[in-house]
Amino acid sequence: MSPHIPSWEPLSEAVLSDQLGTYDRMRSACPVAASPRGVTLFRHADVVAAANDPVRFSSVTTLRRSIPNSIDPPEHARWRALIDPFFSAERMAVLQPRVRAIADALVAGLPRHTTIDAVAEIGRPLAVRAQTDWLGWQGTEDRLLAWMAENHDATRSGDRERTGAVAAAFDEIVGAQVERRRFGGAEPDDPTTELVSAHLDGRPLDDAEIVSILRNWTAGDLGSVAAALGVIVHFLATHPEVQQELRSDPSGLAPAVDEMLRIDDPFLVNRRVTTETVRIGDHELPAGTRVYLNWASANRDEAVFGDPAAYRPEEHAPHNLVYGTGIHVCPGRPLATMELVVTAGSLLAATSGIELAPDATPARETYPVGGWRHVPIQLR
Ligand code: HEM
């Protein structure tokens, strides 16, 4: 018989006030822990194994079909074949100067020697402006910023009605963009138009499919890019030697950014559901168990990284799980990395120093997000 799975309360005050510290302690004490929400996997090896076993760890965790996030094999591969080319290296190279212009303008407008919040004044506006420019949704920036704030609060509240209303509000923003291209005579040359005219297995996508894909390109990711920038700016401000090194040689920014996000991963978990009995260490999880892959914990596993806080970009890169692994590995990684590298590069190029503000304290984010809620800094 399988030993009892230890329990924990991921949404308790004690856990929320120190998420990373709790994950570190849980990981060394037990590979899995259960709460009424499901069973969490904390260790790198278990998270990697589950993510690479989509047959026994299904992504069909809700009734709401989400493309490609909640699709299992073999159908999943057909959707990824349609989606992945939108993030090709060639397309990112074309987009890069536009993101650079957005980041340069944002950074140029920031005051110097005055306390600003890197999440609210750099992360969120950059994420929204870059995303709307990429998708051809100019003019929706304010609605998206307001939506991000409401989505964040609704998700935290756990109130189903509220999260449902937020999802519907988002579908309306996306739906209007699709409609403009389908019936409004507007066919701007952008990825939204391309998606509206895309085919799968020789048939055009229907509106629900297009909206679902666009929701997953936008809704989940605006928040991740904004939160990632908070983590990066905080790391630079608290590691002056790394900041100096990257000022002198910004060519190392891509692996540096990945490593900063590994140490403090803003994208905490993804869900799966077991399709048969699976073993994790000595524990047996019956079919139908809801499982959380805890990327933030796996990314700090001492068994793989030694000291979780040690900054070693090259050495840790092969085991970095910030963008997941397996068939659902993040297709948006090239876009996210480009936006993060370009923005960090703009900040370093246009300033001589990034420091934590002397008159305010950074505040941590809490589940379902990691990283920082506020990062008060001063630019020199
Ligand atoms: C710092 C920013 C980002 C982080 C940390 C991140 C992280 C992740 C992770 C961990 C997964 C794996 C999910 C799973 O296994 O269930 C994922 C999947 C996904 N990401 Fe990202 N992501 C980021 C940005 C983006 C962007 C910019 C886009 C698109 C514009 C994007 C689109 C997606 C999609 C569509 C999936 C689902 C893929 C599938 O199910 O096959 N992500 N992301």
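Here, every reference points to the structure presented above.
The shown structure was predicted, so the numbers you read here are calculated from the model rather than taken from an experiment.

**Concerning the site of the ligand**
Next up, step 1: Around the ligand, 25 residues are found, and the nearest of them are H76, R80, R272, H328 and C330.
Next up, step 2: Separating an oxygen atom of the ligand from a backbone N or O atom of P68 is a distance of 3.5 Å.
Next up, step 3: Taking R80, its side chain carries an N or O atom lying 2.8 Å from an oxygen atom of the ligand.
Next up, step 4: At 5 residues, helix α10 (residues 207–238) tops the list of elements feeding residues into the shell around the ligand.
Next up, step 5: Looking at the shell around the ligand residue by residue, the classes come out as 14 nonpolar, 8 polar and 3 charged.

**Thoughts on the side chain of S59**
Next up, step 1: Counting through the fold element by element, S59 comes out in the loop between β3 (57–58) and α4 (75–83).
Next up, step 2: The class for S59 is buried, based on a relative accessible area of 4%.
Next up, step 3: Among the polar contacts listed, one links the side chain of S59 to the side chain of H328, at a separation of 3.1 Å.
Next up, step 4: Each residue touching S59, except ones within four places of it in the same chain, is listed here: N69, S70, D72, R272 and H328.

**As for the sheet that holds strand β11 (residues 354–356)**
Backbone-to-backbone hydrogen bonds pair the strands of a sheet. The strands run either parallel or antiparallel.
Next up, step 1: Taken in spatial order, the 3 strands make up an open sheet running β4-β14-β11, and their pairing is antiparallel. Each edge of the sheet is formed by a strand with only one pairing partner; in this case those strands are β4 (116–117) and β11.
Next up, step 2: Direction of pairing for β11 relative to strand β14 (residues 376–379): antiparallel, over a ladder of 3 bridges. Across the sheet, L356 pairs through a bridge with I377, a residue of β14.

**Quick notes on the pairing of β14**
Next up, step 1: Alternating positions in β14 separate into two faces, P376 and Q378 on one and I377 and L379 on the other, with burial throughout.
Next up, step 2: One ladder, built from 2 bridges, connects β4 with β14; its direction is antiparallel. Bridge pairing in β14 places I116 opposite I377.

**Focus on the packing of aromatic side chains**
Next up, step 1: Tallied over the entire structure, the rule returns 9 aromatic pairs.
Next up, step 2: Centroid distance F87 to W134: 5.5 Å. Interplanar angle 45 degrees. Geometry classified as tilted. With a gap of 47 residues between them, F87 in the loop between α4 and α5 (89–108) and W134 in helix α6 (residues 118–135) connect regions that are remote in the sequence.
Next up, step 3: Owing to a relative accessible area of 4%, W134 belongs among the buried residues under this scheme.
Next up, step 4: Feature note: the residues F86, F87, W134 and W217 constitute an aromatic cluster, connected by ring pairs.
Next up, step 5: For R91, the ring lying beneath its charged end belongs to F86, and the centroid distance is 5.4 Å.
Next up, step 6: Across from the ring centre of F305, 4.4 Å away, lies the NZ or CZ of R262, which sits over that ring.

**Some details on empty space enclosed by the protein**
Next up, step 1: Summed over the entire model, instances satisfying the criterion amount to 1 cavity of 30 Å³ or more.
Next up, step 2: Counted as a void, the largest cavity has a volume near 100 Å³.
Next up, step 3: In terms of lining residues, the largest cavity is bounded by W8, P10, Y23, S35, R37, G38, T40, V269, Y292, N294 and Y367.
Next up, step 4: Those elements giving two or more residues to the lining of the largest cavity turn out to be β2 (38–41) and β10 (290–294).
Next up, step 5: By residue class, the composition of the lining of the largest cavity is 6 nonpolar, 4 polar and 1 charged.

**Remarks on the coordination of the iron atom of the ligand**
Next up, step 1: Just one protein atom donates to the iron atom of the ligand; it is C330 (SG), sitting 2.3 Å from the metal.
Next up, step 2: Mapping C330 onto the fold places it in the loop between α15 (313–316) and α16 (333–350).

**Remarks on helix α12 (residues 253–263)**
Next up, step 1: Counting buried positions over the 11 residues of α12 gives 9, a clear majority of the element.
Next up, step 2: Looking only at α12, the buried set comprises L253, A256, V257, D258, E259, M260, L261, R262 and I263.

**Description of the pattern of salt bridges**
Pairs may arise between side chains of opposite charge once their charged atoms sit close together.
Next up, step 1: All told, the structure shown has 24 salt bridges when counted by the stated rule.
Next up, step 2: Taking the shortest distance from any N to any O, the salt bridge between D24 and R27 comes out at 2.9 Å. Of this pair, D24 and R27 both sit in helix α2 (residues 19–29), separated by 3 residues, roughly a single helical turn.
Next up, step 3: Taking the relative accessible area as the measure of exposure, D24 reaches 17% and is therefore buried.

**Considering the layout of surface pockets**
Next up, step 1: Approximately 280 Å³ is the volume attributed to the second largest pocket.
Next up, step 2: Lining of the second largest pocket is provided by 14 residues; of these, R98, W134, D189, D190 and P191 occupy positions nearest its centre.
Next up, step 3: Of all the elements in the fold, those that place two or more residues in the lining of the second largest pocket are α5, α6 and α9 (191–196).
Next up, step 4: With 5 residues, α5 is the largest single contributor of residues to the lining of the second largest pocket.

**Topic: the side chain of R27**
Next up, step 1: We classify R27 as buried; its relative accessible area is 1%.
Next up, step 2: Among residues more than four places away in sequence, those in contact with R27 are F42, R43, S297, R300, D301, E302 and P308.

Conventions we followed
Residues numbered from 1 in each chain as written. Predicted model: local features only at pLDDT ≥ 70, side-chain atom pairs only at ≥ 80, totals over all residues. Heavy atoms only, no water. Near = heavy atom within 4 Å. Polar contact = N/O pair within 3.5 Å; in protein donor to acceptor, adjacent residues only side chain to side chain. Helix = DSSP H or I, 4+ residues; strand = E, 2+ residues; numbered from the N terminus. Nonpolar A, V, L, I, M, F, W, Y, C, P; charged D, E, K, R; others polar. Buried < 20%, exposed > 50% of the residue type's maximum accessible area, 1.4 Å probe, protein only. Contact = heavy atoms within 4.5 Å. Pairing = 2+ DSSP bridges. Phe/Tyr/Trp six-rings, centres within 6.5 Å; stacked < 30°, edge-to-face > 60°. Lys NZ or Arg CZ within 6 Å of the ring centre and 35° of its normal. 1 Å grid on protein atoms, 1.4 Å probe; cavity = no way out; pocket = protein on both sides within 12 Å on 5 of 7 lines; lining within 4 Å. Points joined across faces, edges and corners; volume = space filled by probe spheres on them. Donors = N, O, S within 2.8 Å, 3.2 Å for Na, K, Ca; no water. Salt bridge = Lys/Arg side-chain N within 4 Å of Asp/Glu carboxyl O.

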